[in-house]
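# Coordinate analysis (summary)
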Amino acid sequence: MSVEAAVFILRLLAGLSLLGFLAVLFVIVWRSMRQVDRQLATTRMAYGYLTSLPSNAAQPNQVEKRFPLHAITTLGRSASNTIVVDNDFASAQHARIVLEGGQWWLEDRGSRNGTRLNDVAIDQPTILADSDVVGIGNLRYRFTLTSNMG
Amino acid sequence: MSPVESLLSRRHHYLLLAFAGLSVFAGMASISMARPSGFSHWAGLAIWAACAFVGTALLNRCLPACDPVLFPLAIFLSGWGLVAIQRLAPSFADRQALWLVISVGAMLFAALFPHLLRWLRVYRYVVLAGALLLLLATIVFGSNPSGFEFAPRLWLKIGAVYFQPSEFMKLVLVAFMASYLGEQSAAIRAERGDAGMRLPFSPRLAGPMLSMWLLSLVILVWQRDLGTAMLFFVVFLLLLYTTSGDWRILIGGLLLVIIAAAAAYHLFDVVKLRVDIWLNPWPESDGRAYQIVQSLMAFGAGGILGTGVGLGSPGYIPVVHSDFIFAALAEEWGLLGVIGVLSCFAVLTLRGLSIGLTHAGRDFHKLLAVGLTMMLVVQALMIMAGVLKLLPLTGVTLPFISYGGSSLLVCFVMIGLLLRLSAEAISTGHRGAL
């Protein structure tokens, strides 16, 4: 094989491997972009809010109040909470709702009277589903998952 | 990231290294074909391969959460640079290979040593004072390895080794600015929130901006180092803009650059020369504009696919292995090679900035990631545009590729810090994302 042919083959090899390097680079970048896109999509899915429900038909005409949820939303009687629960049976630091791994988790914070999910007291962090009812003290809140909250 | 996806990305990672190795091997082999010259370049290739292997293995083992692209990118560019230096200035290649070993070692130290980030943040004044002393020492005792009497004296000679303090200054300044601005950022954003701001610039912003401008001017005046002065100021402006989100920073900075440039044009012959041959190199194409004209010729000679490694004649460009290495790549690899280098730096920007994004809320980490990335990329852009005569020529090195030990070392340490930052991203769920 002549030197010219060998040099030509090496040139070809060098050029192709450069292109190969760039192609793999772009595949990696493309994949991670898509992954971020998916992640953002699930995060957008995960917005939600609580709606206060009338307490035990005592005041049926009470206006429904809506509380948008933060990534960490705390509930309790103390004014430091995200959602202040104005009820004698609620503890100062009662419960919290946390967004983790694309799911909303309801957690009791050692309250005196416990936190109920669909009228059942919870003893460990529990995943919330759409239109679940969270009970704190005498008050109840409906949980709503929204998909397109910009 | 699911286990399957993580395995796939690991596989891509090795594929990337395999292509890099193949490309460097083919380059070295073409050189040995085109101009038979013993076996010294195979030693360079072996050293490069060992660095790539050890670096990848150690990063995988000790820092598995780090960005999978940055190290292959850096090692590929430096391998390419090694081939180019072997081709252009064989007598420098062994030394560059040796510096590569030191640099990869330093990168691994920066990436794996857990306290480095905190020390950079906490002891910023100590580090800055040290770097300023070095710079002062260069102004007093500086020398130039080429030995020309009027060449810029940017080097310090220790024993048989020359090194360039302004390269280390890049790292130190970015760390210092990230630390300082990270502390101030809450106040800066709060001031921006005030609707009725009385001053066009708050002192919190204008103070550091003006002092940075002065430092750049000092470098320019005492050292005649146009490139470094420009680089420091531009990167600093970008950092200030990242902190405050205020576009008036960019306008104000641009005005300061124009003032300094206009004054420098009239005061310093170096600057006047650079600007004159940028505007029109042809009247002096045999004289003072010889270098830039030959560089343009090299770009033209390269065409789309290049002349082939070892087959072009980039030797017509004086000192081609350092500042003008991009022109040599353009001649022998053609447009393909130019696009290759540009793509690598584009991906580096993307990864670096997204590392900054994953540190939302941790201002020092965010600013450090942005600053390191910008330092590397702005420098690359400045010299690539300078060689192409899109900007006045500023003598900075092309990161990873150019010949230059201090430059290679600092670039790899920056990559090491970026790797560390990527591994410390807040939410593990976003690891490797973006």
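Residues numbered from 1 in each chain as written. Chains lettered and ligands numbered in written order. Predicted model: local features only at pLDDT ≥ 70, side-chain atom pairs only at ≥ 80, totals over all residues.

### Describing the overall build of chain B
A tally of helices and strands in chain B yields 15 helices and two strands. For chain B, the proportion of contacts with a sequence separation of at least 24, taken over those separated by at least 6, is 71%. (Helix = DSSP H or I, 4+ residues; strand = E, 2+ residues; numbered from the N terminus. Contact = placed C-beta atoms within 7 Å.)

### Some points on the overall build of chain A
If you tally the helices and strands in chain A, you get one helix and eleven strands. Listing the helices and strands of chain A from first to last along the sequence gives α-β-β-β-β-β-β-β-β-β-β-β. Excluding contacts between residues fewer than 6 apart, the proportion of contacts in chain A whose partners are at least 24 apart in sequence is 37%.

### Side note on helix H9 (residues 226-244) of chain B
Residues and elements named next belong to chain B. Taking 1.5 Å per residue, 19 residues should reach 27 Å; H9 reaches 27 Å between its end C-alpha atoms and fits that length. Along H9, 18 of the 19 residues are buried, which leaves the element largely enclosed by surrounding structure. Looking at the residues trailing H9, positive phi occurs at Gly-245, about 70 degrees. (Expected span 1.5 Å × (residues − 1). Buried ≥ 20, exposed ≤ 12 C-beta atoms within 10 Å, placed from the backbone.)

### Quick word on the interface of chain B and chain A
It is common to report an interface's size as the accessible area lost on association of the parts. The interface of chain B with chain A comprises 27 residues on the first partner and 23 residues on the second. Those elements giving two or more residues to the side of chain B that touches chain A turn out to be helix H1 (3-34) and helix H13 (325-358) of chain B. Residues of the side of chain B that touches chain A, tallied by class, amount to 18 nonpolar, nine polar and no charged. (Nonpolar A, V, L, I, M, F, W, Y, C, P; charged D, E, K, R; others polar.)

### Details of the sheet that holds strand E7 (residues 115-117) of chain A
Residue and element names in this part refer to chain A. One open sheet holds the six strands; their spatial order is E2-E1-E11-E10-E7-E8, and the pairing between them is antiparallel. At either margin of the open sheet sits one strand with a lone partner, and together these are strand E2 (66-68) and strand E8 (120-121). Here three bridges tie strand E1 (residues 48-53) to E2, and the two strands are oriented antiparallel to one another. Looking at E2, one finds that Tyr-49 is bridged to Pro-68. (Pairing = 2+ DSSP bridges.)

### Let's talk about unusual backbone geometry
Most peptide bonds are trans, and most residues other than glycine sit at a negative phi. A positive phi angle is found at Ser131(A), which is not glycine, with a value near 60 degrees. Examined against the element boundaries, Ser131(A) turns out to sit in the loop between strand E9 (126-127) and strand E10 (133-136). One non-glycine residue with positive phi stands out, namely Phe400(B), at about 75 degrees. Residue position: Phe400(B) is located in the loop between helix H14 (363-387) and helix H15 (405-423). Judged by local crowding, Phe400(B) falls into the buried class, with 28 C-beta atoms found within 10 Å.

### Let's talk about the nonpolar core
In this structure, Val174(B), Val235(B), Phe326(B), Leu368(B), Met414(B), Ile415(B) and Leu418(B) are the most contacted members of the largest nonpolar core, which totals 130 residues. Looking at this core element by element, the count peaks at 15 residues for H14(B). Aside from chain neighbours lying at most four places away, what touches Leu368(B) is Val174(B), Ala175(B), Ala178(B), Leu417(B) and Leu421(B). Residues Val85(A), Trp104(A), Val134(A) and Ile136(A) belong to the second largest nonpolar core, which totals 15 residues. (Core = buried A, V, L, I, M, F, W, Y, C linked by C-beta atoms within 7 Å.)

### So, the confidence of the model for chain B
Per-residue confidence for chain B averages 82 on the pLDDT scale, and 88% of its residues sit at or above 70. For this predicted complex, the interface confidence reaches an ipTM of 0.81, while the overall pTM sits at 0.78. (pLDDT = per-residue confidence, 0-100.)

### Section: the pairing of E1(A)
In the sheet, E1(A) pairs with strand E11 (residues 139-145) of chain A via six bridges, with the strands oriented antiparallel. Its bridge partner lying in E11(A), Gly48(A) is registered against Leu145(A).

### Some remarks on the sheet that holds E9(A)
Residues and elements named next belong to chain A. Taken in spatial order, the five strands line up as E4-E3-E5-E6-E9 in an open sheet, and their pairing is mixed. This sheet does not close on itself; its edge strands, each paired only once, are strand E4 (83-84) and E9. Alignment of strand E3 (residues 72-76) against strand E5 (residues 95-100), held across four bridges, turns out to be antiparallel. By the bridge assignment for E5, Thr-73 is matched with Ile-97.

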